[in-house]
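Topology and contacts: notes
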There are 2 protein chains.
Amino acid sequence: MTVRENLLAESDVCPPGSTLVVPEGDFGREAGLLKVIADPTRLAILRIVAANGSVCACDLESPLGLSQPTISHHLRQLFDAGVITREKRGTWAFYAIDRDGLQAAGSPITALIQ
Amino acid sequence: MTVRENLLAESDVCPPGSTLVVPEGDFGREAGLLKVIADPTRLAILRIVAANGSVCACDLESPLGLSQPTISHHLRQLFDAGVITREKRGTWAFYAIDRDGLQAAGSPITALIQ
DNA sequence: TCCGACTATTGACAAGCATCAATATTGACA
DNA sequence: TGTCAATATTGATGCTTGTCAATAGTCGGA
């Protein structure tokens, strides 16, 4: 009896009995949150905001080299994902890191490392 | 003198002196690694592999409900990103979590939380 | 009340990507 | 060496998304 035949002895498929533990979870939601962070521009925004505490949207246009609508779009993505906070003062909008939201968004990764 | 004029006193732009700290980094590379993880199917694969220690590619087709080429494509993405390892035994391919790679891929997020 | 500046939204377009069918490659076994 | 099974690659397609131009909304100040 070959190694393969032995492995297949108690099943009709490939190697193990294919009795996999299949964890459940809302992978779509988790991936959606991670996808918001997994973008070069949004990573740069997060890094800048984290380094400065609180940042006005108007000050991002220059270092990022992108148009105002594009930056506004990314800020909205980050805000909707709950990883940054927004505070409006007059016509200005100040953004800051939401540490709890960031930790929650990154939890699918950290949980894999234990 | 209004609040705004006071804020603008020493600059010709919006609120602060716009003297932002702008951290440097390879955001493209970091985002690329995160993007590999930020996918529902690949998150499911990682979760299954983590829960079973070592998993044969052939056993993933059933729980994921995807075609064999598609699963092979995702496994390649994860392997190239360094978040899983591959060991070939005969015609089978077994995959396992690469904890160091996963931690490295997630570091852009964990670094923001400190 | 009007004007100017900052921000947000809409519409459109190009690039990236997840998916599958078809095919190629590789390894075990007779 | 020939055949079969598991895996990987290629080509094609539809969907998602990052980007900008144009526009709308909003607030402060004269």
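Note that the coordinates shown come from a computational prediction; the quantities given were computed from them, not determined experimentally.

Calculation criteria
The written sequence of each chain sets the order in which its residues are numbered from 1. As a convention, the first chain written is A and the first ligand written is 1, with the rest following in written order. For a predicted model such as this one, the threshold for reporting local features is a pLDDT of at least 70, and the threshold for listing and counting side-chain atom pairs is 80 or more; totals across whole chains, interfaces and linings nevertheless cover every residue. Side-chain measures here rest on the full set of heavy atoms in the structure, leaving out hydrogens and waters. Note on definitions: a residue-residue contact is assigned when non-hydrogen atoms from the two residues lie within 4.5 Å. Note on definitions: buried area is the accessible-area loss of two parts on being combined, 1.4 Å probe, summed for both. By definition here, a salt bridge exists when the distance from a side-chain nitrogen of Lys or Arg to a carboxyl oxygen of Asp or Glu is within 4 Å. Polar contact criterion, stated in full: a pair of N or O atoms within 3.5 Å, where within protein one must be able to donate a hydrogen and the other to accept it, and residues adjacent in sequence count only if both atoms are side-chain atoms. Numbered from the N terminus, helices here are DSSP runs of H or I no shorter than four residues, and strands are runs of E no shorter than two. For this scheme, ten residues count as nonpolar: Ala, Val, Leu, Ile, Met, Phe, Trp, Tyr, Cys and Pro. Four count as charged, namely Asp, Glu, Lys and Arg, and the remainder, Gly too, count as polar. Take the buried Ala, Val, Leu, Ile, Met, Phe, Trp, Tyr and Cys residues and link them wherever side-chain atoms come within 4.5 Å; each set so joined is a nonpolar core. Burial here depends on accessible area, computed with a 1.4 Å probe over protein chains only, as a share of the maximum for the residue type. Under 20% is buried, over 50% is exposed, and the range in between is partly exposed. When DSSP locates at least two bridges between a pair of strands, those strands are taken to pair. By convention in this text, a residue qualifies as near a molecule or strand provided that one of its non-hydrogen atoms is within 4 Å of it. To get an axis, fit a line to the C-alpha atoms, keeping to the stretch in contact for a helix; angles then go from 0 to 180 degrees between the N-to-C directions. A least-squares fit on C-alpha atoms brings the copies together, and the residues used are those whose pLDDT is at least 70 in both copies. Expected helix span is taken as 1.5 Å per residue step, with the number of steps being one fewer than the number of residues.

1. Some details on the interface of chain A and chain B
At the interface, 49 residues of chain A touch 49 residues of chain B. Across the interface of chain A and chain B, roughly 4400 Å² is buried in total on both sides, 76% from carbon and sulfur atoms. The largest per-residue losses of area from chain A upon contact with chain B belong to Arg47, Trp92 and Leu112 of chain A, which jointly make up 16% of the total buried on that side. Remark: the boundary between chain A and chain B carries 2 salt bridges. At the junction of chain A and chain B, the tally comes to 5 residue pairs in polar contact (both at pLDDT 80 or more). Contributing elements (two or more residues each) for the side of chain A that touches chain B: helix H1 (3-8), helix H2 (27-37), helix H3 (40-52), strand S1 (55-56), strand S3 (92-97) and helix H6 (99-113) of chain A. Partitioned by chemical class, the residues of the side of chain A that touches chain B number 32 nonpolar, 9 polar and 8 charged.

2. So, the nonpolar core
Ile37 of chain A together with Ile37 of chain B are the most contacted members of the largest nonpolar core, which totals 58 residues. Apart from the residues lying within four places of it in its own chain, the contact partners of isoleucine 37 of chain A are Leu43, Leu46, Val83, Leu102 and Ala105 of chain A together with Leu34 and Ile109 of chain B.

3. Here's the deal with the pairing of strand S3 (residues 92-97) of chain B
Residues and elements named next belong to chain B. With 6 of 6 residues buried, S3 lies mostly within the body of the structure. Alternating residues of S3 divide into Trp92, Phe94 and Ala96 and Ala93, Tyr95 and Ile97, and every residue in both groups is buried. Sheet analysis places strand S1 (residues 55-56) next to S3, joined by 2 bridges and oriented antiparallel. Bridged to cysteine 56 within S3 is phenylalanine 94. Note: strand S2 (residues 84-89) against S3, 6 bridges, orientation antiparallel. When the bridges of S3 are listed, isoleucine 84 appears paired with isoleucine 97.

4. Section: the protein's contact with DNA strand D
In the region of DNA strand D, 27 residues are neighbours, and Thr70 and His74 of chain A together with Gln68, Arg86 and Thr91 of chain B sit closest. Among the atoms of DNA strand D close to the protein, meaning within 4 Å, 75% are from sugar or phosphate groups. Residue threonine 41 of chain A places a side-chain N or O atom 3.5 Å away from a phosphate oxygen belonging to DNA strand D. At a separation of 3.1 Å, a phosphate oxygen of DNA strand D approaches a polar side-chain atom of glutamine 77 of chain A.

5. Describing the protein's contact with DNA strand C
Not every one of the 30 residues close to DNA strand C is listed here, only the nearest: Gln68, Arg86 and Thr91 of chain A together with Thr70 and His74 of chain B. For DNA strand C, a phosphate oxygen lies 3.0 Å from a polar atom in the side chain of tyrosine 95 of chain A. One of the side-chain N or O atoms of serine 67 of chain B is found 2.9 Å from a phosphate oxygen in DNA strand C. The element that contributes the greatest number of residues to the surface near DNA strand C is helix H5 (residues 68-80) of chain B, accounting for 5 residues.

6. What about the sheet that holds S2 of chain B?
Residues and elements named next belong to chain B. Reading across from one edge, S1-S3-S2 is the order of the 3 strands in this open sheet, with antiparallel pairing throughout. The outermost strands of the open sheet, each flanked by one partner alone, are S1 and S2. Helix H3 (residues 40-52) contacts S1, S2 and S3 of the sheet and is inclined by roughly 90 degrees relative to S3. Running at roughly 120 degrees to S2, H5 makes contact with S2 and S3 of the sheet.

7. Digging into the relation of the copies chain A and chain B
Between chain A and chain B, which share one sequence, the superposing operator has a rotation angle of 180 degrees and an axial displacement of 0.0 Å; the RMSD is 0.0 Å. Those values place the two copies in the arrangement expected of a two-fold rotation axis. Minimal C-alpha distance to the rotation axis in chain A is attained by lysine 35 of chain A, lying at 3.1 Å. Here 100% of the interface residues in chain A have copies in chain B that are interface residues too; the copies meet face to matching face.

8. Some remarks on H3 of chain A
Residues and elements named next belong to chain A. Taking 1.5 Å per residue as the helical rise, H3 with its 13 residues ought to reach 18 Å, and the 18 Å between its terminal C-alpha atoms agrees with that figure. Listed as buried for H3 are Thr41, Arg42, Leu43, Ala44, Ile45, Leu46, Arg47, Ile48 and Val49. At the N-terminal end of H3, a side-chain oxygen is found 3.0 Å from the backbone nitrogen of threonine 41, two or three residues along, and the residue is aspartate 39. Among the residues trailing H3, glycine 53 stands out with phi positive, at a value near 80 degrees.

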